Amino acid sequence: MKNNMSNKINDMIINNVNNNKKYLYDDRVWEKYRNSLDIKLEFDIVSNDYKGLIEDMLSLKLDDNIDKLDMKLYRTLDKNYKCMISNKNNELLSVLEYRFYKPFGKEKLKREYINNMIGSFDIETTSGFDHERIIGVSWIMKPLEMLQELSVNDNLKINTTLITDVTNADIYDESCIYQGYNMLIECLKDMCVKANNYTFYCHNLSGFDSVYIISALIKYTRVKGSESDITFKIIRREAKVLKITVRYIDESGKESQIVILDSLLVLNASLRKLSQLFELEHQKGYLPYDWVSTNLNYIGPIPQSFNDDVKAYLLELFPNGIMNTKIALKTYLDTDVRLLLIIMDKFKNIIYSTARVDLTKCITISKLALSIYSNMCHDETKKIPLISSTIDDTFIRKALFGGYNNVINPIADEAYYYDVNSFYPAVAVKYRYPTTKGFDISYPEGLDYKDFNYPETLGVLHCKVETPKYLVTGVLPVKDINKGVIFPLGHFLGILTTVELDYALSLGYKITVCQGMIFNSMESPYKKVYRFL
């Protein structure tokens, strides 16, 4: 792209040699003076041929009276092109710097393969104590030789351990806290050895299970110190744990590892609801958590104090009406991990068959959506600009606001109230988007926005604004340090999008442009993926 730009400039000068030319630019001059602040090419605009070529080169519309102005063209150190336009009195009118942004999409689409090495994991704890105890852990894996999609009828080995399997101590005993952590550590070691390089899903890992897993790992590694056979890494977003990687070295020195992800971050619904959505034959069971916590060794009639759902589930499990709490708890854990594995296996296959995306590489639903879009709309992603500069990113973010609300307070005696949610799909498909081509622009003396004529462009501009006197409330947002987002009247400064400025101009706003970033625009790059959805 940059070589083509250089050739255009060279051709423009060489093919139009005249007495007004002061410097002849070519790449040899750039090599010789590349440590200088600027490489300068200076000439007077004397014909419309120059005007048309520069308009095409910089992808912008120049004023019809450009032939009366003086233009200086620079190539900066980062190899962008800058135009400085002055009048005959040598007063600087505007500065335009051509920008070519790196595209968001990759040049070539990397092929991904489906990952069948998945499993599920669950922890059950007590409640009602000053410190909750781990009373059960359970995990299951999809065998490598099983290539077909899982079903509830598949004979899968489930590994479940209850606190009563490792200690005879009463649940109220403090030792049960440490026995529960040890039970969890041994479970993680077992998973590493038997399911090396597997990805395990835990429903609500970030909000619940990670607390116990991390606590157990920290306690274990602190006690073992440098001799610890377990190490772990955590990926978190603020307070939420998104991913846990556990590595284990056995006595022979063999290393193995597992990754634990949160299935709730890609399927945001309860396990019971997901079982219904995926139309599984077996559904999630019921367990009276508070009661089980203090009656782990109970064998006897099903208590009539349980609610109808719990009693119906337990009667199905114990047709004779005699309940065994250990069996009920183990069955509950077994069912949970089996259902979660089947759901994630089905969801994984749907995602791969649709967009060739490996689910195990997508920690959150936003990452999954981005990966689906990148694969389904690869050509479109190569037109979307990637804003990698911190300065550019900060400037653009100052023009982005939430909290756009009506300022009216509706009052009615009898009325229906309707709220319309999620305009994002409609907006994403209907309107134009910026491309990788654009330019920075500045007006030292300011420019009336009415004269800001760059058709089919989008941008973010720093402006001086004056609102019309007839308005009761403003339509352009400004972020106030104390009040948050406000819509002021009168005079103010703001960083705003051209879409907002166009609307404000139609209402009679007086707008003076100081500087900003302008992008060429294209049709929505999201039409294909939204048609699919």
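Calculation criteria
Residues numbered from 1 in each chain as written. Predicted model: local features only at pLDDT ≥ 70, side-chain atom pairs only at ≥ 80, totals over all residues. Heavy atoms only, no water. Helix = DSSP H or I, 4+ residues; strand = E, 2+ residues; numbered from the N terminus. Contact = heavy atoms within 4.5 Å. Areas by Shrake-Rupley, 256 points an atom, 1.4 Å probe, with all protein chains shown as cover. Buried < 20%, exposed > 50% of the residue type's maximum accessible area, 1.4 Å probe, protein only. Polar contact = N/O pair within 3.5 Å; in protein donor to acceptor, adjacent residues only side chain to side chain. Core = buried A, V, L, I, M, F, W, Y, C linked by side-chain atoms within 4.5 Å. Axes fitted to C-alpha atoms, helices over the stretch in contact; angles between N-to-C directions. Parallel < 35°, antiparallel > 145°, perpendicular 65-115°, else oblique.

Draft legend 1. Main features of the overall build of the chain. Within the chain one finds 15 helices and 19 strands. Pairs at least 24 residues apart make up 68% of the contacts formed inside the chain by residues separated by at least 6 positions. Of the roughly 30,100 Å² of accessible surface on the chain, 51% is carried by carbon and sulfur atoms.

Draft legend 2. Quick peek at the environment of Thr167. In this structure, Thr167 sits in the loop between β7 (158-162) and α4 (175-194). Sequence separation between Thr167 and Gly180 is 13 residues, and the spatial gap between their C-alpha atoms is 9.3 Å. Non-local contacts of Thr167, meaning those with residues more than four positions away in its chain, are made with Cys176 and Gln179.

Draft legend 3. The side chain of Thr160, seen in detail. One can find Thr160 in strand β7. Classification of Thr160 as buried rests on a relative accessible area of 15%. For Thr160, the side chain forms a polar contact with the side chain of Ser138, separated by 2.7 Å. Within polar-contact distance, the side chain of Thr160 engages the side chain of Asp334 at 2.5 Å. Ignoring anything within four residues of it in the chain, the contact list for Thr160 reads Val137, Ser138, Lys330, Leu333 and Asp334.

Draft legend 4. The arrangement of the nonpolar core in detail. Judged by nonpolar contacts, the single largest core of 52 residues is most densely connected at Phe121, Leu184, Ile213, Ile244 and Leu314. The element contributing the most residues to this core is α4, with 10 residues. Residues within four places of Leu184 in sequence aside, it is in contact with Phe121, Ile123, Ile134, Val137, Tyr212, Ile213 and Ala216.

Draft legend 5. A look at the environment of His378. Looking at the secondary structure, you find His378 in helix α11 (residues 378-381). Take His378: its relative accessible area is 14%, and that puts it in the buried class. Between the alpha carbons of His378 and Lys108 there is a distance of 8.5 Å; along the sequence they are 270 residues apart. Those residues within four positions of His378 in sequence are excluded, and the remaining contacts are Lys106, Glu107, Lys108, Leu109 and Tyr373.

Draft legend 6. The packing of helix α8 (residues 308-317) against helix α9 (residues 325-355), seen in detail. For the pair α8 and α9, the least separation of the axes is 11 Å and the interaxial angle reads 100°. Judged on the interaxial angle alone, α9 and α8 are roughly perpendicular. Across from Tyr313, Leu314 and Leu317 in α8, the residues of α9 making contact are Ala328, Thr331 and Tyr332.

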